[in-house]
Amino acid sequence: MVHVYNCHPYASQQIVQVEQEPGLVCCGGGALFVVTTGGCKVEAYNLVQEGCPLICRFATMGTVRSIQHSNIGDYLVTIEEKSNATYLRAYTNWRYQAEEKARVGVRLLGHLLRGASQRGGVQMEIIEIPLSERPISVACCAVTGDLLVGCDNTLVLFTLRRQNQQNLTMQHHSHTQLNSSQIPDQTTNQHCSFLDFERSVILHLPGTKPKQVALCAGYVAVQADLEVLVLKLDTNPEAQLLEEESAAPKNDQAEDQADFLLLPRHQELLGERAKDCDVPVSIEKTGLEDRGQNSFSYVLFRRFTPDYFQGCSVEETHLHSLKLHPLFTTGQSSVEEPTCVFCFFSLPTAGYLYSLKGGAELLSAYQYPEKVLEAVLTDHLLHVITKNALQCFTVRCAAVAARFEDPYIDTTMRACPPCSLEVCALRMQLFIGLRSVCAYGRHVILLSTADMETPEETERSTQRRGLSKKWMMSAPKETTPVGHGWNIYVVDTVSPLTLYQEMVDYSQHYAQTNLQAQSLWHLLSEAHLLLRASLLQSSQQQCNTSEGDPSESHAETQVVVQTDRQELEEALRENCAQLGDCFSRGSHRHCHLALPYYRMSGLSVREVLARNRPQPNSPHSYGPGFLFYLKHYLLEETEQHLRQETADELIDIFCQSEPSQLISVCASPTMINVNPTRTLQILQHVEDTAGVSVALTITMATMLLRLDDLPQYTQLMERHAEMVLVYGFIEEPRLLLHGGDTNICPTALTKQMVKSQPGVLVAAMVALHENNKVYLEQVDDMFKVLGCEHSLQVDFWEAMLMASSQEAVIQELLFRLSSVYIDRLMHTNSDTLLHKPPARRSLKSADDLINSCSHYGALYPWLTVLSPPHTTSPPHQEALHKMQSLLCGPSLSVGSVTPLLESLSEKTLWGFSLHLLCATRRGQYDRSIERLLDRCPQAIIAYANHHLQDTYMALWWQKLLPELCSRTRAAADNSILLAALKETLVVVATETSPAEFLELVPDDGTASYFLPHLLTCSQRHLLA
């Protein structure tokens, strides 16, 4: 569907004063080129200056049948005929023909002139480009300046080369010395470059006769009568081999079908599917050295079936106006690869615009109301001509480019109208006898020949146009008073800002009748894309001007470009505000778009409120898009606080529209200035209406806290059990803390709970972490802000250790807690306190953690002997038991805490106990037995009973018994050692045979001391 709007895209027109009847026209580089009838003379006119004055004219070597201009290199390429032969020629440095009797050099491709161009300065050159086949069509690449030539069944690609004159001078220095007396001034032309072409790729398309070709950034498009094929050239040798192999059978199939008349069927193949078309393609090697092998891939294939349309016969139905159009985004220059490449082609009845990069995709299909002769695509608009009218359509190029340039498009941050948005037609301009059209910048050039049409045909075409009543037509412009029947018109389009303003004014007609009309947002979207295309073009101009020389005129140009860009950006912000208004009142399907458009507009919440405030006695309420915007804005973590009036108005809006969102609204950091008394009344009314909820109770308690009503606050917080309160905080975490990922800020409620309900606060933070509402680092930051990093923060880590099931989090918490416990052990009994000890008791004692957390192990019995209770201060004893419990548990990695324990001395028994625990965890039992016998032998039997079991049972007689015998021999009166030896002999007698026991008895031992144990061993052995 094509929307029609009565907007004026054209501002003015002028007639180019051409003396002879024009045959062909083209434009580029700020110039209009006119080939006179007869085709042997080209005239160039200045499109930039008022009146289009003549730049120069020059004769061609043959009758021109086709002419194209390349902005890169500023050269003309023509297909000429002479003496029944067809030639391909390129004209370079044509601007020097403005001088009278200027020299013209003629040379062959690849042969640079060494004589006149060096002696007399730069001159126009005609380059003969030899071809083995007759050229049919030509195209120039807008990015590189390369040349593509279409012949029968063949495409030939020529690469543009620049040869510096200074290099030529060095190569032929001897020749220059002989003629130095004839050179008037060579310094001015020393750095001039000469253009040349080099044949690089030859594509063979058997059975295809190209009518038109196009080339852009490696993309090659070929158009036949009813077929379009787009290829992408690459430099991948492997892909080349695959393509050549796949092309061979297709060629054979085409030869087999040569004897049959086949009716083509409609086909559209995109991307990888395009290689399934029946058009075989192969590459011929050019034999050039130092050049990678070229390959190709299929991008797009489209075939049409002949059809009738409004008197258009099947014979007249053929494709025309093929073009590959590049589009650059911000910061790119013309030498870089374009961000987007578009392909346009047209039938007399419909035009088609495809996007090629990132996968071929049909963007728009243009349905014409009458037969179109030719079309030209620009960044902003599509211009088409019928026999008697110039028509204008909008394009979607900017929508595609915006999504390539900005990854945040189509998110809650930024938006852009979709690429699939239906196109619209703007007001047409009537002419008489139009034949061709081309465009340069904001100039549309038309060639008309009025005498080609009879009055009867004019009347019939006018009647056909009258059938489409949607099309608004302005009065035909008067032709020149000269008696000839042809004219060249230069029609200037209005500036994008002017057309944008007219679109906005036009949209007010829909806004006055229906704010939710589809045509309203469609027209505003068209204006948005128009501004985006202008901004892309402005960025390109700014990039180009910044690369020029810093002259005064150049600086003025930069100022103008910068000013235009600022105006465009201001208009874009205004348009985003209008689109935000449109979607804020629209249907639920597109209401989410109000958020990104309002964000892009730069409007404050107060301004958005004013734009959406319903009129008094208006039946309309707040739209879903407006509420969606407010909810997302209030969910943002921002340091901007709304005024009390604005905050109170938001409370009223949600109380009226969505009372269920009031808790989230009140918890927003931007609502800090809301009136607590008034808000409490509203919340009380909601509770009376909807019932009691935990989150609502906490929100009401927050308002009471702002009013310093602590008794009522305490009463509300005690209404629910502690774990029920935790569920309320899970529902709305912002009741506890603000700030998002950075700048964590606890709320007033959190500060109060530190004093009154620390256990609930810790449990709530654990629940938020386990429900992925908050990160561990954020909770740490919150406790640091509260000044609780040595108390509640440690309680939080201990609680997290009980609740978490993530191994990485568990190991991190174990390391943190070990560091805290060791730090407390080091400084609790020290004379100088480096860290302030906890001002209160921990929420969980060591016994609580042992009973409730699997990561804390029960204390080994021998630890009680080493560090009996009540020997140190309670905080020190608590930290010691927790650290010992972690080392007794299964989870703590000994290697991670060993560096921390190095700072602890072994002089104290409690310090020795920690080091001994680490050694035991590593399996160093031999060394641990020796150290324990040295420091605390009374604990050795308890240690052995606990650890020397199962696989380590043999250490009783292999290590412990010899050690005790040795030490008892040296201190026979040591009752502790004697008691330990006696207990050891009891265990050894139980676990060994009599023969083994006798082997263990020392040679110098007293028989009467060991005999009872040997007797016990023998009796046990007999009973077994």
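Calculation rules
Residues numbered from 1 in each chain as written. Predicted model: local features only at pLDDT ≥ 70, side-chain atom pairs only at ≥ 80, totals over all residues. Heavy atoms only, no water. Helix = DSSP H or I, 4+ residues; strand = E, 2+ residues; numbered from the N terminus. Buried < 20%, exposed > 50% of the residue type's maximum accessible area, 1.4 Å probe, protein only. Areas by Shrake-Rupley, 256 points an atom, 1.4 Å probe, with all protein chains shown as cover. Pairing = 2+ DSSP bridges. Axes fitted to C-alpha atoms, helices over the stretch in contact; angles between N-to-C directions. Contact = heavy atoms within 4.5 Å. pLDDT = per-residue confidence, 0-100. Phe/Tyr/Trp six-rings, centres within 6.5 Å; stacked < 30°, edge-to-face > 60°. Parallel < 35°, antiparallel > 145°, perpendicular 65-115°, else oblique. Left-handed = near helix turned anticlockwise from the far one by under 90°. Nonpolar A, V, L, I, M, F, W, Y, C, P; charged D, E, K, R; others polar. Polar contact = N/O pair within 3.5 Å; in protein donor to acceptor, adjacent residues only side chain to side chain. 1 Å grid on protein atoms, 1.4 Å probe; cavity = no way out; pocket = protein on both sides within 12 Å on 5 of 7 lines; lining within 4 Å. Points joined across faces, edges and corners; volume = space filled by probe spheres on them. Core = buried A, V, L, I, M, F, W, Y, C linked by side-chain atoms within 4.5 Å. Salt bridge = Lys/Arg side-chain N within 4 Å of Asp/Glu carboxyl O. Expected span 1.5 Å × (residues − 1).

Q: It is not clear to me how the overall build of the chain should be interpreted in this structure. Could you clarify?
A: Each helix and strand in the chain was counted, giving 34 helices and 34 strands. Within the chain, the fraction of its 1024 residues that count as buried is 51%. Of the roughly 47900 Å² of accessible surface on the chain, 51% is carried by carbon and sulfur atoms.

Q: When you look at the sheet that holds strand S24 (residues 350-355) in this model, what are you seeing that I'm missing?
A: Spatially, S22-S23-S24-S25 is the arrangement adopted by the four strands of the open sheet, whose pairing is antiparallel. Each edge of the sheet is formed by a strand with only one pairing partner; in this case those strands are strand S22 (320-327) and strand S25 (361-367). Ignoring which end each strand starts from, the neighbouring axes of this sheet average 15 degrees apart. Of the strands in this sheet, S22, strand S23 (340-346), S24 and S25 touch helix H5 (residues 397-405), which is tilted by about 160 degrees from S23.

Q: Looking at this structure, how should I read the sheet that holds strand S17 (residues 219-223)?
A: One key point about sheets: their strands pair by backbone hydrogen bonds, in either a parallel or an antiparallel sense. The antiparallel open sheet is built from five strands, whose spatial order is S16-S17-S18-S21-S19. Pairing within the sheet leaves two strands with one partner each, and these edge strands are strand S16 (212-216) and strand S19 (267-270). The mean angle between the axes of side-by-side strands here comes to 20 degrees, regardless of whether they run parallel or antiparallel. Pairing of S17 with strand S18 (residues 227-234), which is carried by five bridges, proceeds in the antiparallel orientation. Directly across from Val 222, in S18, lies its bridge partner Leu 229.

Q: What should I look at first to understand the side chain of Glu 526 in this one?
A: One can find Glu 526 in helix H8 (residues 518-546). Beyond its immediate chain neighbours, meaning those up to four positions away, Glu 526 contacts Thr 394, Arg 396, Glu 422, Val 423, Cys 424 and Met 503.

Q: Help me out: how do you make sense of the confidence of the model for the chain in this one?
A: Detail in the predicted coordinates should be disregarded across regions flagged by low pLDDT. Residue-level pLDDT values for the chain average 82, and 82% of them are 70 or greater. Across the chain, the secondary-structure element scoring lowest on mean pLDDT is helix H3 (residues 173-178), at 37, and the one scoring highest is helix H16 (residues 694-706), at 95. Scored below 50 in pLDDT, residues 166-191 makes 26 contacts in the model with residues more than four places away or belonging to other chains. A low-confidence stretch, residues 545-554 stays under pLDDT 50, and its non-local contacts, those more than four residues away or across chains, total eight contacts.

Q: What is the right way to look at the packing of aromatic side chains in this model?
A: When we look at a pair of aromatic rings, we describe it by the centre distance and by the angle of the planes. Summed over the entire model, instances satisfying the criterion amount to 23 aromatic pairs. Where Phe 583 meets Tyr 597, the ring centres are 5.7 Å apart and the plane angle is 5 degrees; that geometry is what we call stacked. Highlighted residues: Phe 583 in helix H9 (residues 552-584) and Tyr 597 in helix H10 (residues 594-601), separated in sequence by 14 residues. For the pair Phe 583 and Tyr 597, one class covers both residues: buried.

Q: It is not clear to me how the pairing of S25 should be interpreted in this structure. Could you clarify?
A: It is a general feature of regular strands that their side chains alternate between the two faces of the sheet. Where S24 and S25 come together, six bridges link them in antiparallel fashion. Bridging across to S25, Ala 350 finds its partner in Gln 367.

Q: Please clarify how helix H18 (residues 722-731) should be interpreted in this entry.
A: Because the α-helix completes a turn every 3.6 residues, residues three or four places apart line up on one side. Those residues of H18 not exposed but buried are Leu 725, Val 726, Gly 728, Phe 729 and Ile 730. Each element contacted by the buried residues of H18 is listed here: H16, helix H17 (710-717), helix H19 (748-756) and helix H20 (758-770).

Q: Even after reading the chapter, I still don't get the environment of Thr 872, so can you show me in this structure?
A: For Thr 872, the location among the structural elements is in the loop between helix H25 (861-866) and helix H26 (874-888). Under the relative-accessibility criterion, Thr 872 is labelled partly exposed at 23%. Sequence separation of Thr 872 and Thr 828 is 44 residues, and the distance between their C-alpha atoms is 9.7 Å.

Q: When you look at the packing of H16 against H17 in this model, what are you seeing that I'm missing?
A: The packing of two helices is summarised by the inter-axis angle and the distance between the axes. At a minimum axis separation of 8 Å, H16 and H17 run at an interaxial angle of 165 degrees. By the angle between their directions, the pair H16 and H17 is classed as roughly antiparallel. The two elements H16 and H17 meet at a crossing, and its hand is left-handed. The residues of H17 that touch H16, namely those facing Thr 697, Met 700, Ala 701, Leu 704 and Leu 705, are Leu 710, Gln 712, Tyr 713, Leu 716 and Met 717. Taken together, the residues of the contact of H16 with H17 break down into eight nonpolar, two polar and no charged.

Q: I'm lost on the environment of His 383 in this one. Help?
A: Summarising the element assignment, His 383 is placed in strand S27 (residues 381-385). Take His 383: its relative accessible area is 2%, and that puts it in the buried class. When neighbours within four sequence positions are excluded, His 383 is seen to be in contact with Tyr 10, Glu 374, Ala 375, Val 376, Thr 378, Leu 390, Gln 391, Cys 392, Val 444 and Thr 493. Side chain to side chain, His 383 and Tyr 10 meet in a polar contact 2.9 Å long.

Q: Quick question: what am I supposed to make of the packing of helix H15 (residues 676-690) against H16 here?
A: Following both chains from N to C, one finds H15 and H16 inclined at 160 degrees, their axes separated by 9 Å at the closest point. Our classification of the angle between H15 and H16 gives roughly antiparallel. In this structure, H15 meets H16 at a crossing whose hand is left-handed. Contact with H15, carried on its side by Pro 676, Thr 679, Leu 680, Leu 683, Gln 684, Val 686 and Glu 687, involves Leu 696, Thr 697, Thr 699, Met 700, Met 703, Leu 704 and Arg 706 of H16 and no other residues of that element. Residues that form the contact of H15 with H16 fall into these classes: eight nonpolar, four polar and two charged.

Q: Would you take a moment to explain the environment of Ala 721 for this structure?
A: Mapped onto the elements of the fold, Ala 721 is located in the loop between H17 and H18. Since its relative accessible area comes to 48%, Ala 721 is described here as partly exposed. Counting along the chain gives 27 residues from Ala 721 to Val 694, while the straight-line C-alpha distance between them is 9.9 Å.

Q: Whenever I open this one, empty space enclosed by the protein confuses me. Can you help?
A: Once rolled over the atoms, a probe with the size of a water molecule shows which space is left empty. Tallied over the entire structure, the rule returns four cavities of 30 Å³ or more. Residue contributions to the lining of the largest cavity peak at four residues, all from H8. Residues that form the lining of the largest cavity fall into these classes: seven nonpolar, two polar and two charged.

Q: Sorry, what's going on with the nonpolar core here?
A: Nonpolar side chains in soluble globular proteins tend to end up buried together. Ranked by size, the top nonpolar core spans 208 residues in total, and within it Leu 446, Phe 729, Met 765, Phe 783, Phe 796 and Trp 956 carry the most contacts. For this core, the element with the most residues is H8, which contributes 10 residues. Look past the residues within four positions of Phe 796 in its chain and what remains in contact with it is Val 762, Met 765, Val 766, Leu 776, Val 779 and Phe 783. Counting residues in each nonpolar core, the second largest holds 49 residues, with Ala 217, Val 230, Ala 350 and Ala 360 among its members.

Q: Honestly, the pattern of salt bridges in this entry has me stumped. Any pointers?
A: Opposite charge on two side chains lets them pair, provided their charged atoms get close. Summed over the entire model, instances satisfying the criterion amount to 37 salt bridges. With a closest N to O distance of 3.4 Å, Glu 43 and Arg 57 form a salt bridge. Of this pair, Glu 43 sits in strand S5 (residues 41-46) while Arg 57 is found in strand S6 (residues 54-59), placing the two residues 14 residues apart along the sequence. Of the residues examined, Arg 57 reaches a relative accessible area of 35% and is grouped as partly exposed. Residues Glu 81 and Arg 65 are paired through a salt bridge, measuring 3.2 Å at the closest nitrogen-oxygen approach. Of this pair, Glu 81 sits in strand S8 (residues 75-82) while Arg 65 is found in strand S7 (residues 63-70), placing the two residues 16 residues apart along the sequence. The structure contains a network of salt bridges with shared partners spanning Arg 927, Glu 930, Asp 934, Lys 959, Glu 963 and Arg 967.

Q: Just checking my understanding: could you explain H16 for this structure?
A: If you check H16, its first and last C-alpha atoms are 19 Å apart, about what 13 residues at 1.5 Å a residue would give, namely 18 Å. Across the 13 residues of H16, 12 count as buried, placing the element largely inside the fold. N-cap assignment for H16: the residue whose side-chain oxygen lies 3.2 Å from the backbone N of Leu 696 is Ser 693.

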